[in-house]
Amino acid sequence: MSRQQPTWRARLIIGLTLIAMSGHTWAADLSGPAVKEAIERGRRFLVSQQAAKGYWDVDKPGFRVGITSLAVMALINSGMSPQDVPVKRGLAYLRDDEESAVKQYETYQISLQIMALAAAKEPGIDARRVSRLADLLENGQIKRGETSGGWDYSLSGGSLRTDCSNSQFAVLGLREAVEAGAVVSPETWKRAREYWERAQNGDGGWNYDAGANKGPSYGSMTVAGISSLVICEQMLRSDAGVAPDGTPPCCQGTEPNEPLARGIRWLSQSFAVGHNPGARNGWLMYYIYGVERAGRLSGLRFFGEHDWYRSGAAYLLALQNGVTGHWVGAGDVESHPVVGTSMALLFLSKGLAPVLINKLKYGPRDPQRKNEVLGNDWNRHRRDVRNLVDLISGSPKWPKLLTSQDLDLARAVDGGGVDVMLQAPVLFITGEEAPVLRPEEVKLMKEYLQEGGFIFASPTCTSTKFEAGFRTLLQQIMPPGEGELKRLTQDHPVFRSEHPLQAESTPLFGIDYGCRTSVIYSPEDLGCLWDYWSRAEPPGRNVNLKVRIIRSTQIGVNVLAYATGREPPTKPDAPQKTAENTELDNVERGLLQIAQIRHDGGWNSAPRALRRLLQSLNDTVALSASTKAIDLEMSDPNIFQYPVLYMHGRNAFTVKEADREQIRQYLERAGGVLVVDSCCGAKLFDKSFREFVNSLYRDKKLQKVAADHELFTEKFGRDIRRLKRRVSEGGDSGFVVREAEPFIEALEIDGRLAVIYSKYDISCALERQSAGNCEGYLPEDAVKLATNIIQYALLEELRLAPAAVAKP
């Protein structure tokens, strides 16, 4: 029986021949790899400069402990572990009490030593040493006179002299000591806060000098002031007003931190990366290193109109020495390559920390202040999200460094769009008043969900006005009839994604969108209790308040674990909206079109998956594929016009005998290929699909494709013989990510794979909608696997030479 000759064959041959001629390489976002390569080169340089005894040195007598501490911090934060030989040797030097005895520049060096030991996270070895060093810093703080609350170079207490640079490092060191378990008196933090408030200039910035004769503001000291005020605010959270039953005064809110706001305004107006704004003597790397802290600790991605990380990273990559991989700064110590390189690595690596959650900044605008939001209804509990992320960061199941940011919705509308929102996988919305958004803001929120975003909402002060307004907003954002919040039941994975929670006592409401629950709402004021969480717990804290804080943070952690699978994207590689190829959409028939099969088992559970797959083919192998959505019933005779049919689902489905016969004809006579996956590894769909295949061919069965099959090799795209897949470990263990061989099954006809099936999810991952309980491939690997499968289907069908395949 001769095969039908579908009309797509000639067009496809032309398209694949063009691929072979183009010499196209796999497209990639160069920003992420470029930053990582710069970090690796800088790290290699630092390692090459280490002395045999484990220390690093510069041409400045008596500063060896500080420089070694800075280099150790840079290596740890850029990806090395305390078990790696260079770090291990550096730590051994810092732990040798005789070698690391500090006699000069005590404040700088002891602060840096604490920070390095805390970064190693080996409390069993360093706890006592860190506490002892923290005591030295506390005792060295000036406690009287106009300079009370600051620090000098020396900790001997023989002088009342202070400066903002030494004082910044003391605050940083004490913060890390608290993180490592040391106890620091609230009085120390109060004096420090008052010091920084007194030292602030009238324009909102800071100078090196803090006394009456202080000079004009400049960048490196202003970022020091911002970071120090943020840390002091964090450490001075009071339990005042907490009821005996542990109920905190959530409806009071907090007073605005005006000194901090003025400092941020100065930096926003003066921001630069090519020089230290306002400074005459350079100190460029010191300033850039401080910008990272100020941005990360304040939760701000932008200072004014400036994306501080992207601006700083681009500058540092251009500044890096092309031969050795080192950096040098401008001014005294930082002009030494070890210091300049350490500071650059700290900026690049710590600023690269994944953003786990964005907090939505919304509301009416002040036209007199560059459209800043009027009031702080969106931010009544200033440290809520930051505290939650601090709690998570470094937990055993999570990446070791995570961060959060405030997201200005109006700014996202005006520039950056949904790509800005997708920098974080979760968007947190809170407030006391009903959230009222402009039409363009509603449109952007809708697009954010469509592109795989996740919304987590909770009222301030358990406000009924916020809940009513949020429900109204959801009706505007979601498709008609799909915007109703429904109470989540005990079988929902959010109740076991990290901590075991009871649905009956933990009211959560959600909306399912596509492959997962994409909106979760808690009617409780969770943010109020997150705001009270601190590693520096106030003395005598109410036990009932502790219980409430633990419960609220467990709810928050579970929602974030469900939404992200504990795999937030790294900044430069954060997901971006799939480009819409309008030119292709206007073409009725491109060189390649793939049709999606409609059925009654959730045929469109991942509505953008096929479009994204086709766009990936366009982007990565220069194949002109129309991204226009085409869906057909199995009975439609037009299926013979398409070389590949695509199918996915979540539920059981049925197929008529006449439809089965048409699919048989498509596979046998037209030489077509059916590509299928089960959304989130849905068992009902998997069972139905296997029954469908058995009904097609009684004498054939789906067989696992061997791991060494050419489908998984560069012959058809990329070498994908190892891929990351989220799998269930059963019971309360939840889901984990494993790297393993791809698991693909297929049905062979005439020696070719005619039906290619994955019981693990690909489609939901393609549109980045897969949740932490979704059994399947991670998004990046799903794209690789799917594009290999499509290229195999096309090229195997046409029996084209391997030379026609683009190489990675």
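Further up the page is the structure itself.
Visitor: Looking at this model, I keep getting lost on the state of the cysteines. Mind explaining?
Guide: Defined simply, a disulfide is a covalent bond joining two cysteines at their sulfur atoms. This structure, assessed with the given rule, holds three disulfides. One disulfide in the model links Cys250 with Cys528; its S-S distance is 2.0 Å. The chirality of the disulfide connecting Cys250 with Cys528 is left-handed, given an S-S dihedral of about -85°. With Cys250 in the loop between α9 (219-235) and α10 (258-270) and Cys528 in helix α19 (residues 526-532), this pair connects stretches of sequence that are 278 residues apart. Residue class for Cys250 comes out buried when judged on its relative accessible area of 13%. Sulfur-sulfur distance for the disulfide between Cys251 and Cys461 comes to 1.7 Å. Residues Cys251 and Cys461 are joined through a disulfide that is right-handed, its torsion about the S-S bond being 85°. Linking Cys251 in the loop between α9 and α10 with Cys461 in the loop between β8 (454-457) and α18 (464-477), this pair joins segments that are 210 residues apart in sequence. On the accessibility criterion, Cys251 (46% relative accessible area) is partly exposed. Cysteine Cys679 remains unbridged, with the sulfur of Cys764 as its closest cysteine sulfur at 4.1 Å.

Visitor: I'm lost on the packing of aromatic side chains in this one. Help?
Guide: The description of two aromatic rings rests on the distance between their centres and on the angle between their planes. If you walk through the whole model with that rule in mind, you get 28 aromatic pairs. Each ring, one from Tyr309 and one from Phe347, has its centre 5.5 Å from the other, and the planes form 10°; the classification is stacked. Within this pair, whereas Tyr309 is found in helix α12 (residues 308-319), its partner Phe347 is found in helix α13 (residues 337-351), the two being separated by 38 residues in sequence. Of the two residues examined, Tyr309 and Phe347, each falls in the buried class.

Procedures and definitions
Residues numbered from 1 in each chain as written. Predicted model: local features only at pLDDT ≥ 70, side-chain atom pairs only at ≥ 80, totals over all residues. Heavy atoms only, no water. Disulfide = S-S within 2.5 Å. Helix = DSSP H or I, 4+ residues; strand = E, 2+ residues; numbered from the N terminus. Buried < 20%, exposed > 50% of the residue type's maximum accessible area, 1.4 Å probe, protein only. Phe/Tyr/Trp six-rings, centres within 6.5 Å; stacked < 30°, edge-to-face > 60°.

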